[in-house]
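# Report on the structure
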Amino acid sequence: MICHICGKKNARIRHIIRSYGKGATLLIIENIPAVSCPSCGETYLTADTLHEIERIKIHSEELAVSHVGWA
């Protein structure tokens, strides 16, 4: 995969976790594909991934798994 930052061909997809909000509105999204380039050290999300994250945030109440009361 080609890195869109430095143009080198050794970029790879790795999966990350991101959190949004805090307290009762905390949203944690796991298994997010991110482009990671060992040549320039950058890690970034594609436009498609960012759009999907926004969709998840908008519909978070419907998609969420509650951890309230879990030990």
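Residues numbered from 1 in each chain as written. Predicted model: local features only at pLDDT ≥ 70, side-chain atom pairs only at ≥ 80, totals over all residues. Heavy atoms only, no water.

## Notes on the pairing of strand β1 (residues 12–20)
Note: β1 against strand β2 (residues 27–36), eight bridges, orientation antiparallel. Paired with R18 across the strands is I29, a residue of β2. Counting the residues that bridge the hairpin from β1 to β2 gives six residues, and of these G21 lies at a positive phi of roughly 80°. (Pairing = 2+ DSSP bridges. Helix = DSSP H or I, 4+ residues; strand = E, 2+ residues; numbered from the N terminus.)

## Re the pattern of salt bridges
Under the criterion given, the structure shown has two salt bridges. E52 is the salt-bridge partner of R55, the closest N and O atoms lying 2.6 Å from each other. One end of the pair, R55, and the other, E52, are both in helix α1 (residues 47–58), three residues apart, so they sit about a helical turn from each other. Residue R55 is classed as partly exposed on the basis of its relative accessible area of 38%. Of the charged contacts in the structure, one is a salt bridge between E54 and K57, with a shortest N-O distance of 3.3 Å. With E54 and K57 both in helix α1, this residue pair falls three residues apart, about one helical turn. Among the residues examined, E54 registers a relative accessible area of 40% and is labelled partly exposed. (Salt bridge = Lys/Arg side-chain N within 4 Å of Asp/Glu carboxyl O. Buried < 20%, exposed > 50% of the residue type's maximum accessible area, 1.4 Å probe, protein only.)

## Comments concerning α1
Between its first and last C-alpha, α1 extends 17 Å over twelve residues, near the 16 Å set by a 1.5 Å rise per residue. Within the span of α1, buried status applies to T49, I53 and I56. Along the long axis of α1, the arc covered by the buried residues comes to 60°, so they all point the same way. Opposite the buried face of α1, at more than 90 degrees from it, the exposed residues are D48, H51 and I58. (Expected span 1.5 Å × (residues − 1). Arc of directions from axis to C-beta.)

## A short note on the state of the cysteines
Across all of its chains, the model carries zero disulfides by this definition. No disulfide involves C37; its nearest neighbouring cysteine sulfur is the one of C6, lying 3.7 Å away. (Disulfide = S-S within 2.5 Å.)

## What about the confidence of the model for the chain?
On average, the chain scores 89 in pLDDT, and the residues at 70 or more come to 87%. Here helix α2 (residues 60–63) stands out as the element of the chain with the lowest mean pLDDT, 74, in contrast to strand β3 (residues 43–44), whose mean of 97 is the highest. (pLDDT = per-residue confidence, 0-100.)

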